[in-house]
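Read off the chains here:
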Amino acid sequence: MADKVHFELVSPERRLFSADVEMVVVPGSEGDFAVLPDHAPFVALLRAGVVEVHDAGKTSARLFVRGGFAQVTPAGLTVLAEEAIDLAVATKDVLAARLADAEANLAAAADDAQRILAESQVTAFRQVLEAA
Amino acid sequence: MASLKDLKLRINSVKSTQKITKAMKMVAASKLRRAQEAAEAARPYAASMEQVLASLSAGITLTEDMPKLLTGTGKDDVHLLVVATAERGLCGGFNSSIVRLARQRIQALIAEGKTVKILCVGRKGRDALRRDYAKLIIETIEVTGGIRKQGFPIAGRIADRLFALYEAGEFDVATVFYAQFKSAIAQIPTAQQIIPAALPEGDAGGPDLKGAIFTFEPGEEELLEALLPRNVAVQIYRALLENAASEEGSRMSAMDNATRNAGDMINRLTLTYNRTRQAAITKELIEIISGAEAL
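Identification of chain B as ATP synthase gamma chain from Zavarzinia aquatilis is taken from an unreviewed UniProt entry. Per its UniProt entry, chain B bears the Function (unreviewed entry) comment "Produces ATP from ADP in the presence of a proton gradient across the membrane. The gamma chain is believed to be important in regulating ATPase activity and the flow of protons through the CF(0) complex."

Per an unreviewed UniProt entry, chain A goes by the name ATP synthase epsilon chain and belongs to Zavarzinia aquatilis. Per UniProt, the comment on chain A under Function (unreviewed entry) is "Produces ATP from ADP in the presence of a proton gradient across the membrane."

As C-alpha cells, this is what we get:
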C-alpha cells in the first residue's frame, strides 16, 4: 500500500505545493489534524495557522495559511488556502507587515463574525512571528 | 494632386504610427504570456474548489433553510449583470464583443418583463453601456493597474459588494460577462451565472471518489456557508484573469493587423510619391528640350 500521501496546496493565485509526503498536519477550525496515507474522505474548514509537511522523518516545509478548506480524497489531500505564505521564503518583515494588516482588519471589523475572524488571524500571525 | 512635400509628410506620419502599433503589439505579446500564465496558475484552485463543492453537494439535499446563495431567492425578477471589460481601448473587438453579448441579454430580459441592473467592472464597458442603459447601471468598479497587480483581493471586494446587494434583496440572479481566453486570436464572450450558485454535477470529472462518504468538519451547512461566498469570489477572479489574457490577446492581433495595414499604406504612398517625382522630372526635361528646340 502507498506509504505516502499526495499533498497539494493551492491559493487563488497559484499552486504552491504539490508532492508526495509522509504526513501533513493541518490547522482545522476545530483543532489540528494530521493526514497520513489512506486517510478517510474528509472535508474541513481551516483556521489561520501553519500547515506542517513531514517527510523523510522531519518537517520538510512549513506554510502559513490564512484560512481556507482542506479536502481529503482517496487521491490525496488538497488544501485550498485563501492566502498562503511559505515560511522558508518569507522574511520577518513580510510577516510583520501582514500582522499589521490583520490588526487593521480587526480594528475595522464591523460585526462579531468579522471580529472573530480577524482576531484569529492576528493571533496566528503573532505566533508565527514569535516562532520565526 | 498632392505635392511631393505633402506625400513625404504623410509617409512619415504613417511610419511613426506603424512604430507605435508595432511597439504596442510587442508589449501586448509579452503581457499576454504573463496573463496567460496567471490564468493557468489559477486553474488548479478553481478546479479543486469545484471538487469540494461536488463532494459536498453529492451528500446533501436542498432544503428551505439552506444558504440563500445556493437555493436562490425563489424568484427571478431582478437580474444583475456583471459586465467585466478592459480599462483601456485599442484592443480590437474585445470590449465590444462582451458588450454586445450583454446588450443582447439585456434586451431579451427586458422583453420578458424582468428588471435589469448592471454592475460594470472596467471603464470601457461602462462607457459603451452608458449610451443606451445609463439608468440601469448601478455601479462601476475600476480595476486600475490590471488584475495581476490587484490580485485576488479585488475579486473579494467585488464579491462582497454582490453579497451586500443580494442580502438587501436588490437582485435575484447574478450573471457575469467576460471573454474566455481560447488563444491569441480567439476569445469567446461568455455569460456565467454566479448567484445562485450552479452546483457542479456530482460526477463532473475530477478524481474518482470511489463512492467515498465524506466526513465534514464542522458540519455540511457551516462548510457550505463558508464555501459558497468563496466560490463566487473565485469565479469572479477567474473571469477577471481570463479577461486579462483575452484583452492582451485581442490587442496583440489588433495591433498586428494595424501594423500590417500601415505597411500596405506606406507602400501605396511610396508608389504615388515616386510616380509624382518621376512625372515632375519628365515635365522638366520636356520643358528644357522644347526650350532648346525653339531656339
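## Let's talk about the UniProt feature "domain: ATP synthase F1 complex delta/epsilon subunit N-terminal" (unreviewed entry) in chain A
Here, the residues flagged by UniProt with the feature "domain: ATP synthase F1 complex delta/epsilon subunit N-terminal" (unreviewed entry) are residues 6-84 of chain A. Taken as a whole, residues 6-84 of chain A contains 0% helix and 76% strand, while its terminal C-alpha atoms sit 18 Å from one another.

## Overview of the packing of helix α1 (residues 4-41) of chain B against helix α8 (residues 220-294) of chain B
Residue and element names in this part refer to chain B. It is the contact of α1 with α8, at a shortest axis distance of 7 Å, that shows an interaxial angle of 160°. In terms of their interaxial angle, α1 and α8 are classed as roughly antiparallel. Once α1 is placed against α8, the crossing between them reads as left-handed. Considering only residue class, the contact of α1 with α8 consists of 22 nonpolar, 10 polar and 11 charged.

## Quick look at the interface of chain A and chain B
Taken together, the contact between chain A and chain B spans 22 residues of the former and 28 residues of the latter. Each residue belonging to the side of chain A that touches chain B can be placed in one class, and the counts come to 12 nonpolar, 6 polar and 4 charged. Bridge analysis of strand β5 (residues 42-55) of chain A against strand β6 (residues 215-217) of chain B gives 3 bridges, and the strand direction is parallel. Within β6 of chain B, the position partnered with Val43 of chain A by the bridge is Phe216 of chain B.

## Describing the nonpolar core
Grouped together as the largest cluster of nonpolar side chains are 105 residues, with contacts concentrated most on Val82, Val83, Ile236 and Leu240 of chain B. Here the element with the most residues in this core is α8 of chain B; it accounts for 17 residues. Lining this core are residues from two domains, each supplying at least three of them: domain 1 (5-86) and domain 2 (92-131) of chain A.

## Details of the domain arrangement of chain A
All names here are of chain A. By domain assignment, chain A separates into domain 1 (5-86) and domain 2 (92-131). Every contact between the two is made by 6 residues of domain 1 and, on the other side, 4 residues of domain 2. It is β5 that contributes the most residues to the side of domain 1 that touches domain 2, 4 residues altogether. Across the side of domain 1 that touches domain 2, the residue classes tally to 3 nonpolar, 1 polar and 2 charged.

## Concerning the pairing of strand β1 (residues 78-84) of chain B
Sheet faces and side chains relate simply in a regular strand, where the side chains alternate between the two faces. Burial analysis of β1 of chain B places 6 of its 7 residues in the buried class, the great majority of the element. Since β1 of chain B and strand β2 (residues 115-121) of chain B lie parallel, the crossover through helix α4 (residues 94-111) of chain B that links them has a hand, and here it is right-handed.

## Quick look at unusual backbone geometry
Positive phi is not limited to glycine here, since Ala56 of chain A has a value of about 50°. Note that Ala56 of chain A resides in the loop between β5 and β6 (58-73). Although it is not a glycine, Leu90 of chain B sits at a positive phi angle of roughly 55°. Relative to the helices and strands, Leu90 of chain B is located in the loop between β1 and α4. For Leu90 of chain B, a count of 16 C-beta atoms within 10 Å corresponds to the partly exposed category.

## What about the sheet that holds β2 of chain B?
The strands making up a sheet associate through hydrogen bonds between their backbones, and the pairing can be parallel or antiparallel. Residue and element names in this part refer to chain B. Strands sit in the order β3-β2-β1-β4-β5 across an open sheet of 5 strands; the sheet is mixed. The open sheet is flanked by β3 (137-141) and β5 (186-195), the only strands paired with a single partner. Direction aside, neighbouring strands of the sheet carry axes that sit 25° apart on average. Relative to β5, strand β4 (residues 173-183) runs antiparallel, the two being bridged by 9 bridges. Across the sheet, Thr175 pairs through a bridge with Gln193, a residue of β5. Contacting β1, β4 and β5, α8 runs over the sheet at an angle of about 40° to β4.

What counts as what
Residues numbered from 1 in each chain as written. Chains lettered and ligands numbered in written order. Predicted model: local features only at pLDDT ≥ 70, side-chain atom pairs only at ≥ 80, totals over all residues. UniProt positions renumbered as here; feature names shortened; annotations may be inferred. Helix = DSSP H or I, 4+ residues; strand = E, 2+ residues; numbered from the N terminus. Axes fitted to C-alpha atoms, helices over the stretch in contact; angles between N-to-C directions. Parallel < 35°, antiparallel > 145°, perpendicular 65-115°, else oblique. Left-handed = near helix turned anticlockwise from the far one by under 90°. Nonpolar A, V, L, I, M, F, W, Y, C, P; charged D, E, K, R; others polar. Contact = placed C-beta atoms within 7 Å. Pairing = 2+ DSSP bridges. Core = buried A, V, L, I, M, F, W, Y, C linked by C-beta atoms within 7 Å. Buried ≥ 20, exposed ≤ 12 C-beta atoms within 10 Å, placed from the backbone. Domains from an automatic or database assignment. Right-handed = clockwise from strand over helix to strand, strands pointing away.

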